Amino acid sequence: MAEALMTVTPGNRIAGEDREARSGKTFESRNPARWTDIVGVFPLSDASDIDTAVRAAKAALPGWRSTPWPARGAIILRAAEILEARKEKLARLMTREMGKVLTEARGDVQEAIDMGKFIAAEGRRAFGETVPSELRNKWAMTMRQPLGVVGCITPWNFPIAIPSWKIFPAVMAGNTVVFKPSTDTPLCGLSFVEALEEAGLPKGVINVVFGSGETVGNAIVSHPDVAAIYFTGSGDTGRGIAAECGRMLKRVSLELGGKNGIAVMDDANIDLAVDGALWGAFGTSGQRCTASSRLIVHRAVLESFTQKLLDRARSLRLGYGLDADVDVGPVINARQLARIHSYTTVGIAEGANLALGGEIASDGDLDDGNFYTPTVFTGVKPEMQIAQEEIFGPTTVIMPVDSFDEALQFANSTQYGLSLSIYTNDLRHAFRAMHELEAGIVYVNAPTIGAEIQLPFGGTKNTGNGHREAGGHVLDEFSEWKSIYIDYSGKLQRAQIDTNA
Ligand code: NAD
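Here is what the cut-offs are and how they apply
- The numbers attached to residues start from 1 for each chain and follow its sequence in the written order.
- pLDDT decides what is reported in this predicted model: residues at 70 or higher carry local features, side-chain atom pairs at 80 or more are listed and counted, and totals for whole chains, interfaces and linings draw on all residues regardless.
- Think of the side-chain values as coming from all heavy atoms in the structure, minus any hydrogens and water.
- If DSSP finds at least two bridges between two strands, the strands pair.
- Only DSSP runs of H or I reaching four residues or more are called helices, and only runs of E reaching two or more are called strands; each is numbered from the N terminus.
- Between the N-to-C directions of two axes lies an angle of 0 to 180 degrees, each axis being a line fitted to C-alpha atoms and, for a helix, fitted only over the stretch in contact.
- Put simply, a residue is near a molecule or strand once any heavy atom of it comes within 4 Å of that molecule or strand.
- We define a polar contact as two N or O atoms separated by no more than 3.5 Å, with the added condition that, inside protein, one atom must be a possible hydrogen donor and the other a possible acceptor, whereas residues neighbouring each other in sequence contribute only through side-chain atom pairs.
- Method for areas: the Shrake-Rupley scheme with a 1.4 Å probe, in which residue coverage is limited to the protein chains shown.
- Residue type decides the class: Asp, Glu, Lys and Arg count as charged, Ala, Val, Leu, Ile, Met, Phe, Trp, Tyr, Cys and Pro as nonpolar, and the leftover types, Gly among them, as polar.
- The labels follow the angle: roughly parallel below 35 degrees, roughly antiparallel above 145, roughly perpendicular from 65 to 115, and oblique for the rest.
- Here a residue-residue contact requires only that any non-hydrogen atoms of the pair lie within 4.5 Å.
- Here, a salt bridge means any side-chain nitrogen of Lys or Arg that lies within 4 Å of a carboxyl oxygen of Asp or Glu.
- Only protein chains enter the area calculation, which uses a 1.4 Å probe; residues under 20% of their type maximum are buried, those over 50% are exposed, and those in between are partly exposed.
- With the far helix as reference, a near helix turned anticlockwise by less than a right angle produces a left-handed crossing, and one turned clockwise produces a right-handed crossing.
- Look down the strands so they point away from you; if going from the first strand over the helix to the second traces a clockwise path, that crossover is right-handed.
- Two cysteine sulfur atoms make up a disulfide if the distance between them is within 2.5 Å.

## What about the sheet that holds strand E23 (residues 479-487)?
Strand pairing in a sheet takes place through backbone hydrogen bonds and is either antiparallel or parallel in direction.
Step number 1: Taken together, 3 strands build an open sheet; the order of strands is E5-E6-E23 and the sheet is antiparallel. Where the open sheet ends on each side, the last strands, each with one partner, are strand E5 (130-132) and E23. Within the sheet, the average angular offset between the axes of one strand and its neighbour, ignoring direction, is 25°.
Step number 2: Note: E5 against strand E6 (residues 138-146), 3 bridges, orientation antiparallel. Its bridge partner lying in E6, Val131 is registered against Ala140.

## Points about the site of the ligand
Step number 1: Close contacts around the ligand come from 25 residues, with Thr154, Lys180, Ser234, Leu256 and Glu390 the closest.
Step number 2: One of the backbone N or O atoms of Thr154 is found 2.8 Å from an oxygen atom in the ligand.
Step number 3: Taking 860 Å² as the accessible area of the ligand by itself, protein coverage stands at 87%.
Step number 4: Those elements giving two or more residues to the shell around the ligand turn out to be helix H7 (213-221), strand E10 (228-232) and helix H8 (235-248).
Step number 5: It is H7 that contributes the most residues to the shell around the ligand, 3 residues altogether.
Step number 6: Partitioned by chemical class, the residues of the shell around the ligand number 11 nonpolar, 11 polar and 3 charged.

## So, the packing of helix H2 (residues 69-85) against helix H5 (residues 161-172)
Step number 1: Interhelical geometry of H2 versus H5 gives an angle of 155° and a closest axis separation of 9 Å. Between H2 and H5, the angle is such that the two are roughly antiparallel. Only Phe168, Val171 and Met172 of H5 make contact with H2, whose side of the interface consists of Trp69, Arg72, Gly73, Ile76, Ala79 and Leu83.

## Digging into the pattern of salt bridges
Step number 1: The full count for this structure, using the stated rule, is 29 salt bridges.
Step number 2: A salt bridge links Asp271 to Lys308, with the nearest nitrogen and oxygen atoms 2.8 Å apart. Of the two residues, Asp271 is situated in helix H9 (residues 270-282) and Lys308 in helix H10 (residues 299-314); the sequence distance between them amounts to 37 residues.
Step number 3: Given the relative accessible area of 45%, Asp271 is considered partly exposed.
Step number 4: Since its relative accessible area comes to 34%, Lys308 is described here as partly exposed.

## Quick look at the packing of helix H13 (residues 404-411) against helix H14 (residues 427-436)
Step number 1: Running from amino to carboxyl end, H13 crosses H14 at an angle of 25°, the nearest separation of the two axes being 11 Å. When the axis of H13 is compared with that of H14, the two are roughly parallel. When the axes of H13 and H14 are compared, the crossing they make is right-handed. Note on element contacts: H14 touches H13 through His429, Arg432, Ala433 and Glu436, opposite Phe404, Asp405 and Leu408.
Step number 2: Among the residues forming the contact of H13 with H14, the class breakdown is 3 nonpolar, 1 polar and 3 charged.

## Let's talk about the sheet that holds strand E12 (residues 260-264)
Step number 1: One open sheet accounts for 7 strands, arranged E14-E17-E18-E13-E12-E20-E21; its pairing is mixed. On the outer flanks of this sheet lie strand E14 (353-356) and strand E21 (441-444), each paired with one strand and no other. Strand-to-strand twist of the sheet, defined as the mean angle between neighbouring strand axes without regard to direction, takes the value 20°.
Step number 2: Pairing between E12 and strand E13 (residues 292-298): 5 bridges, direction parallel. Bridged to Ile262 within E13 is Leu295.
Step number 3: Against the sheet, H14 contacts strand E20 (419-423) and E21, and its axis sits at roughly 170° relative to E21.

## Comments concerning the pairing of E12
Step number 1: With 5 of its 5 residues buried, E12 lies for the most part within the structure.
Step number 2: The side-chain alternation of E12 yields two buried faces, one formed by Asn260, Ile262 and Val264 and the other by Gly261 and Ala263.
Step number 3: Taken together, E12, H9 and E13 form a β-α-β motif whose crossover is right-handed.
Step number 4: Inspection of the sheet shows E12 paired to E20 by 3 bridges, in the parallel sense. Looking across to E20, one finds that Ile262 is bridged to Ser421.

## Notes on the state of the cysteines
Step number 1: Summed over the entire model, instances satisfying the criterion amount to 0 disulfides.
Step number 2: There is no disulfide at Cys152, and the cysteine sulfur nearest it, in Cys245, is 12 Å away.

Laid out in structure tokens, this is it:
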């Protein structure tokens, strides 16, 4: 059945109400596979709208932070169930607004469902500690406290999953939120929030403001009443945000870029490695922070690996992700398309061999979208720009190595440290790789993509600033500890001075 292509016109969502931008200006969200299809028209907000949203979040804070943890968890669980009931509809919306193929869009929504269920259980598990005091008749313990009003700023590539990683734990911990989704995927962001609203989240606990990063994002970061910033996006933007947060002594969690490598050893199952490389490099058109954009291949298997990869990549079908036989969808917008293509020019200029692709695709239907052919460079050296910089598109590079040690050295030779992988059947190689690969996430015999929400997610080096999302310690990012001492001795007892052993 053909999709009914409606253009929606929602407002900002502040204290549960739709509000236009104070400026009256708007921007469009378009379908990257069919650029003439306008998904929605959204308010182009400014700092005054952020101020209104922060005031709403501040007003909702006392009621929300005093709501019992299990009651907050129950609302989050209901939101996860609403997302589950709506999974197919949301996935189709995501393919239309963001471009990823439908199976992957379903996975994106599923990640949010998983996150909601996982976090909801924290409502009955947000343990503190009881610690022995050094003094008699004195009790010592810790409890978690919310941070206050927090800001969540997200990119477009996981337009429901990434907001869920931030917003579910933020509200679980009793914070209230001002949320700015990417201007490329505002409707996905709003649809996620609507599940929380329908689940019974009180008005003002979450507020959505649409608009540009420079104006709206900046206004959230520099607002004095916003206590913490949770940001996923590019390194340059992250550095600017961190500098401002440093100046304001504000907590900031940064999830930034990656240049993730798969090392394929001479003892690996080559067909399995080709499966992994294909999925890791071209899934989501390479627009994942964990995309397998470097393939580090032992010379002994280089020829067979390369041949098999090129054969498989050549047969991938580009197109609109709602069409059943499409393998690779569009890239997000024309700016990104031009950027990806500019890296092909760079690769050729630095002497790499363009073995496949390297073209803007515009045959037939593709003409109305932003499509780039799956691209493979061979004979790439680690110091080349195409081996060092995040391209964020369907481009991967093959770098030959002569040994396991050289493979580790090449894999670690970037400024980033998000996700690294090794294909090997040698236990010694697998264990050394687990210890020596410099990344927040390491895979053995699987590609660099495929994180699960019950494990911490995040990277080392320039991928971030040491924070981790998801996983068992997730609440540490969204709450702070309060230490409490109760002296029931009825007299002054001085720590470190009085001893009553
Ligand atoms: P981006 O940095 O351009 O934008 C991210 C968000 O920040 C958007 O909402 C944008 O509007 C906002 N923003 C832009 N300038 C801002 C400013 N000055 N102040 C405040 N907010 C601002 O990134 P993008 O192009 O949307 O996303 C792609 C990037 O995200 C890639 O580098 C990718 O690796 C990274 N990413 C990282 C992870 C991770 O978990 N490590 C996950 C997904 C994407």
